[in-house]
Amino acid sequence: MNKRRVIVYISGPYRGDIEENICKARQMSIEIWKAGYTVICPHLNTFHFEKDCTLPEKDYIMGDIEILRRVDIVFMLENWQKSEGANIEHEEAFRQGIPIVYNLEHLEAWYAAKPTVPI
């Protein structure tokens, strides 16, 4: 399987220091793209919607969950345990049987262990 065909979902804190958390999620997204994967980063998808959009926060979380259900693997950012939304995403990935990794080395090991399937 070509790495680009693997969709990685970034999960981690958004609230708190929003600028720093967006920056960390963006930086990891860049690293994962450089490693050859396709990345979905909800931090960037709803960038500053807390200021720019009037929907309740739970609507964004539920939208993110819908996206998460369609990915191949979930990448948990550092300190994800401190985030209510990331905990919900982690729980949903586990419930759906979606693989979860916690660093780039784990992602690469998961990919290396996948059986190859002709395209």
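Below, the structure is looked at part by part. In this text, all values refer to a predicted model and were calculated from it rather than measured experimentally.

The rules we used
- Residues numbered from 1 in each chain as written.
- Predicted model: local features only at pLDDT ≥ 70, side-chain atom pairs only at ≥ 80, totals over all residues.
- Heavy atoms only, no water.
- Core = buried A, V, L, I, M, F, W, Y, C linked by side-chain atoms within 4.5 Å.
- Buried < 20%, exposed > 50% of the residue type's maximum accessible area, 1.4 Å probe, protein only.
- Helix = DSSP H or I, 4+ residues; strand = E, 2+ residues; numbered from the N terminus.
- Contact = heavy atoms within 4.5 Å.
- Phe/Tyr/Trp six-rings, centres within 6.5 Å; stacked < 30°, edge-to-face > 60°.

Digging into the nonpolar core
Side chains that are nonpolar tend, in soluble globular proteins, to be buried together.
Part 1: The biggest cluster of nonpolar side chains holds 16 residues, and the ones touching the most others in it are Val8, Ile10, Ile32, Tyr37 and Leu107.
Part 2: For this core, the secondary structure elements donating two or more residues are strand S1 (7-11), helix H1 (18-34), strand S3 (73-76) and helix H6 (104-113).

Re the environment of Glu105
Part 1: Here Glu105 is to be found in helix H6.
Part 2: The spatial distance from the C-alpha of Glu105 to the C-alpha of Thr54 is 38 Å, given a sequence separation of 51 residues.

Quick notes on the side chain of His90
Part 1: Relative to the assigned elements, His90 resides in helix H5 (residues 84-96).
Part 2: Owing to a relative accessible area of 16%, His90 belongs among the buried residues under this scheme.
Part 3: Sequence-distant contacts of His90, that is, excluding residues within four places in its chain, are made with Met76, Trp80, Ile100 and Tyr102.

Details of the packing of aromatic side chains
The geometry of an aromatic ring pair is captured by the separation of the ring centres together with the interplanar angle, meaning the angle of the planes.
Part 1: Summed over all chains, the structure comprises 2 aromatic pairs.
Part 2: Note on Tyr37 and Tyr111: the rings are 5.8 Å apart at their centroids and 85° apart in plane angle, and the pair reads as edge-to-face. Within this pair, whereas Tyr37 is found in the loop between H1 and strand S2 (38-40), its partner Tyr111 is found in helix H6, the two being separated by 74 residues in sequence.
Part 3: You can call Tyr37 buried: its relative accessible area is 0%.
Part 4: Between the aromatic rings of Trp80 and Tyr102, the centroid separation amounts to 6.2 Å while the plane-to-plane angle is 35°, which identifies the pairing as tilted. Separated by 22 residues along the polypeptide, Trp80 in the loop between S3 and H5 and Tyr102 in the loop between strand S4 (100-101) and H6 bring together distant segments of the chain.
Part 5: Residue Trp80 is classed as buried on the basis of its relative accessible area of 12%.

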